[in-house]
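So you can see what is in the structure, the chains are spelled out below.
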Amino acid sequence: KLPKMPPLVFLFTVCVHRFMGVDLDYIYQELRSRFPDVIFVESYMEPISQKDGLTPEQRLRDGMFSVLNKKEDVPVQVSILGSDMKIEESSEMKEIFREAGMTVLESSACQTMDQYLSMGNSSLFVTCYPTALHGVKKLAARLQVPYLYLPASFSYQEINHQMLALRDQLLAMKVQFPAQKDRHA
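In what follows, the accompanying structure is described. (Residues numbered from 1 in each chain as written. Predicted model: local features only at pLDDT ≥ 70, side-chain atom pairs only at ≥ 80, totals over all residues. Heavy atoms only, no water.)

### Some thoughts on helix 4 (residues 92–99)
Piece 1. Every buried residue of helix 4 is listed here: Met-93, Lys-94, Ile-96 and Phe-97. Seen along its axis, helix 4 keeps its buried residues to an arc of 160°; they face one direction.
Piece 2. For helix 4, the elements touching its buried residues are strand 3 (74–80), strand 4 (103–106), strand 5 (122–127) and helix 7 (156–172).
Piece 3. A positive backbone phi angle near 80° is found at Gly-101, which sits one or two residues after helix 4. (Buried < 20%, exposed > 50% of the residue type's maximum accessible area, 1.4 Å probe, protein only. Helix = DSSP H or I, 4+ residues; strand = E, 2+ residues; numbered from the N terminus. Arc of directions from axis to C-beta. Contact = heavy atoms within 4.5 Å.)

This is the structure in structure tokens:
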């Protein structure tokens with residue numbers, strides 16, 4: 001017995017549950033009816049039965065993003081999703097967003113469930129993390145919000161390409177791209 005119910009539970013099932021024929025739909029339905037204030041996210045860890053498709057980590061990210069919904073439109077808010085670690089404040093990407101007057105939220109920096117859920121209100125989703133890309137694409141399509149995939153790179157050509165994509169996205173959103181300093185774009 002917990003002193004306080006958690007706001008969200010990731011319930012990981014494994015291949016043994018599938019082999020045993022467990023009715024997962026019934027289990028989730030029962031959990032959601034008994035604990036209506038808790039968000040249950042269906043998560044899977046089935047490496048034995050997995051031959052193709054999404055990896056367990058991609059499925060986890062899908063689940064993480066499935067709870068995000070748009071309650072209001074915040075036109076100058078960007079959410080950086082899926083990274084395991086917070087991106088440095090001095091990163092060029094974050095500097096550009098701040099100079100453009102945008103609020104930057106990061107999934108790895110959220111302290112509360114409300115902070116995390118507010119990420120669904122963003123006008124742009126960004127991921128730098130390869131295993132988060134599939135989930136961010138699904139989230140962006142579901143909420144009809146643009147997204148950018150800006151993975152870490154050591155190639156000046158790739159960095160320039162990413163800066164141009166970022167500039168074009170901000171201009172399409174009618175957000176002023178900050179004046180160039182020593183930027184690649």
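Let's pick the thread back up.
### What about the pattern of salt bridges?
Piece 1. Across all of its chains, the model carries eleven salt bridges by this definition.
Piece 2. Lys-94 is paired through a salt bridge with Glu-106; the nearest N and O atoms lie 2.3 Å apart. Here the residue Lys-94 occupies a position in helix 4, and Glu-106 occupies one in strand 4, the gap between them amounting to twelve residues. Here Lys-94 and Glu-106 have matching classes, each one buried.
Piece 3. Each member of the salt-bridge network shares a partner with another, and the members are Lys-86, Glu-89, Lys-94, Arg-98 and Glu-106. (Salt bridge = Lys/Arg side-chain N within 4 Å of Asp/Glu carboxyl O.)

### Focus: the packing of aromatic side chains
Piece 1. If you walk through the whole model with that rule in mind, you get one aromatic pair.
Piece 2. Residues Phe-35 and Phe-40 carry aromatic rings whose centres are separated by 6.4 Å and whose planes lie at 55° to one another, so their mutual orientation is tilted.
Piece 3. The class of Phe-35 is partly exposed, set by a relative accessible area of 32%. (Phe/Tyr/Trp six-rings, centres within 6.5 Å; stacked < 30°, edge-to-face > 60°.)

### Thoughts on the packing of helix 3 (residues 56–66) against helix 6 (residues 133–143)
Piece 1. Viewed as axis vectors pointing N to C, helix 3 and helix 6 meet at an angle of 30°, and their least axial separation amounts to 8 Å. Considering the angle they form, helix 3 stands roughly parallel to helix 6. Here helix 3 and helix 6 pass one another in a crossing that is right-handed. Contacts between helix 3 and helix 6 involve Gln-58, Asp-62, Phe-65 and Ser-66 from the former and His-134, Gly-135, Val-136, Lys-138, Leu-139 and Arg-142 from the latter.
Piece 2. Here the residues of the contact of helix 3 with helix 6 sort into three nonpolar, four polar and three charged. (Axes fitted to C-alpha atoms, helices over the stretch in contact; angles between N-to-C directions. Parallel < 35°, antiparallel > 145°, perpendicular 65-115°, else oblique. Left-handed = near helix turned anticlockwise from the far one by under 90°. Nonpolar A, V, L, I, M, F, W, Y, C, P; charged D, E, K, R; others polar.)

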